[in-house]
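Residue-level structure breakdown
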Amino acid sequence: MRTTVGIIGGGPAGLLLARLLYRAGIDCVVLESRTRDYVEQRQRAGMLEQGTVDALREAGAAERLTAEGLVHQGIELRFDRERHHIDFPALTGGRTVTIYAQTEIVKDLVALQLADGPPLLFEAEALAVEKPESATPVVRFLHEGREQTLTCDWVAGCDGFHGISRDAFPAEVSRSYAHEYPYSWLGVLAEVAPSCDELVYARGEGGFALHSMRSASVSRLYLQVPDHTDPDDWPDDRIWDELAARFAIDADWTLHRGPISAKSVTTMRSYVHEPMRHGRLLLAGDAAHIVPPTGAKGLNLAVSDVRILARALTALYRTGDTQLLDRYSELCLQRVWQATRFSDDMTRMLHVQPDGNAFDHRMQLARLRRITASRHAAAELAANYSGLPLPL
């Protein structure tokens, strides 16, 4: 099999890249190791920066997003039993964020790809990327019970943190930076209308809590819990009681309770791999970087990588200009490190440290007070949360 761009991974990064390349007239093939059902049901992020919404519109994949997405004007910070609204449009010149589940983005992109896009192969497990330094790198993959090869001009590794693409980088050119946080998130999906109009980030006495939503009838909520927590140790009543305690304020507000349909525990880590290009192999999304979910940057970083990569490849094949491709890693990493910094700041400011003391507690409150008392500090948070511009 031969194509111009071989894309490993059929998540939102790989699918969006395929769509953008297709609209630019560039051939590609997408290899996804999982089944279509698995990919379309995989629960992930749901907060979209302004730039991510713009990218989906550019790709012609925003019809349902426009109709069903929940546009938010900001977020709410809660601490010391107080609530504080951070008004994004007022602080950023009109930028907003949108709630639209990643599962729905994937469904939309899969449907477009299968209807009129380039090949998308499910249950096609990439085994190795060979000769990435050459003009014709090859992806070996297993599909329909036999090993096959995909010869490409370029390979886009969009196969996530546990994929094989990053392994093709020689050890002598690879650098990685990692940090593990000493707590996890217990996340739940609840079949109940959200108790708030916008996302609520709370620092309670017992730890961090986040109130998000997937739709007007489904709530998504998170609790800071110790590492290695077993979700089965948290019956529904315990979850709701702890959420209510961490969201509590001295005002008239009630947390809506309802049936919990799913529970999972997410470890918290930061990871960045440099560089993001080796020869004709280019990494995008979780294959190159992971951020703690506090800043809602994972999906959005993947989309910004893909936007830069699509523009770079389009410039190459339309005009022969290689400048963007030559700077791909540099440009992506500028935004990656800023998002990693922001996510780390949000995480450290809002989570109770397991080994923290009274000084740590007061410093966290001081940071929160600075944001809620200073327009400049609030504007910095709003600019990062709603999405920094692409470094182009």
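Look up a bit, the structure's there.
Reference entry: report on the structure contained in this document. These numbers were taken from a predicted model, which means no experiment stands behind them.

1. Some points on the pattern of salt bridges
In total, this model carries 26 salt bridges according to the counting rule given. In this structure, Glu76 engages Arg83 in a salt bridge whose closest nitrogen and oxygen atoms are separated by 3.4 Å. Here Arg83 falls in the partly exposed class, since its relative accessible area comes to 39%. Arg269 is paired through a salt bridge with Glu180; the nearest N and O atoms lie 3.5 Å apart. Taken together, the residues Arg269 in strand 17 (residues 260-274) and Glu180 in strand 13 (residues 175-190) connect sequence positions 89 residues apart. Residue Arg269 is classed as partly exposed on the basis of its relative accessible area, which comes to 24%. Looking at Glu180, the relative accessible area reads 51%, which means it is exposed.

2. Here's the deal with the nonpolar core
Inside soluble globular proteins, nonpolar side chains tend to come together where they are buried. Counting residues in hydrophobic clusters, the biggest one holds 74 residues, and the most contacted among them are Val5, Ile7, Leu16 and Leu17. In terms of residues, this core owes the most to one element, helix 8 (residues 298-319), which gives 11 residues. Listed in part, the 52 residues of the second largest apolar core include Phe88, Val97, Ala377 and Tyr385.

3. Overview of the state of the cysteines
Applying the stated rule across the entire model yields zero disulfides. Take Cys28: it sits in no disulfide, and the sulfur closest to it among the cysteines is that of Cys152, at 10 Å. Unpaired in this structure, Cys332 has its nearest cysteine sulfur neighbour in Cys158, at a distance of 11 Å.

4. A closer look at the sheet that holds strand 3 (residues 47-48)
In spatial order, the strands read 3-7-4; together these three strands make up an open sheet with antiparallel pairing. Each edge of the open sheet carries a strand with a single partner, namely strand 3 and strand 4 (70-72). Here strand 3 pairs with strand 7 (residues 97-99) via two bridges, running antiparallel. Its bridge partner being in strand 7, Leu48 is matched across the sheet by Thr98.

5. A few points about the packing of helix 1 (residues 12-23) against helix 8
Viewed as axis vectors pointing N to C, helix 1 and helix 8 meet at an angle of 30°, and their least axial separation amounts to 9 Å. Between helix 1 and helix 8, the angle falls in the class roughly parallel. In the packing of helix 1 onto helix 8, the handedness of the crossing is right-handed. In contact with Pro12, Ala13, Leu16, Leu17, Leu20 and Leu21 of helix 1, helix 8 contributes Leu299, Ala302, Val303, Val306, Leu309, Ala310 and Leu313. Of the residues in the contact of helix 1 with helix 8, the class split is 13 nonpolar, no polar and no charged.

6. Examining the packing of helix 3 (residues 50-58) against helix 8
Running from N to C, helix 3 and helix 8 cross one another at 50°; their axes reach a closest spacing of 9 Å. It follows that helix 3 is oblique to helix 8 by the angle criterion. Considering the relative orientation of helix 3 and helix 8, their crossing is left-handed. Across the interface between the two elements, Gly51, Thr52 and Ala55 of helix 3 pack against Asn300, Val303 and Arg307 of helix 8. Class assignment of the residues belonging to the contact of helix 3 with helix 8 gives a composition of two nonpolar, three polar and one charged.

The rules behind these values
Residues numbered from 1 in each chain as written. Predicted model: local features only at pLDDT ≥ 70, side-chain atom pairs only at ≥ 80, totals over all residues. Heavy atoms only, no water. Salt bridge = Lys/Arg side-chain N within 4 Å of Asp/Glu carboxyl O. Buried < 20%, exposed > 50% of the residue type's maximum accessible area, 1.4 Å probe, protein only. Helix = DSSP H or I, 4+ residues; strand = E, 2+ residues; numbered from the N terminus. Core = buried A, V, L, I, M, F, W, Y, C linked by side-chain atoms within 4.5 Å. Disulfide = S-S within 2.5 Å. Pairing = 2+ DSSP bridges. Axes fitted to C-alpha atoms, helices over the stretch in contact; angles between N-to-C directions. Parallel < 35°, antiparallel > 145°, perpendicular 65-115°, else oblique. Left-handed = near helix turned anticlockwise from the far one by under 90°. Contact = heavy atoms within 4.5 Å. Nonpolar A, V, L, I, M, F, W, Y, C, P; charged D, E, K, R; others polar.

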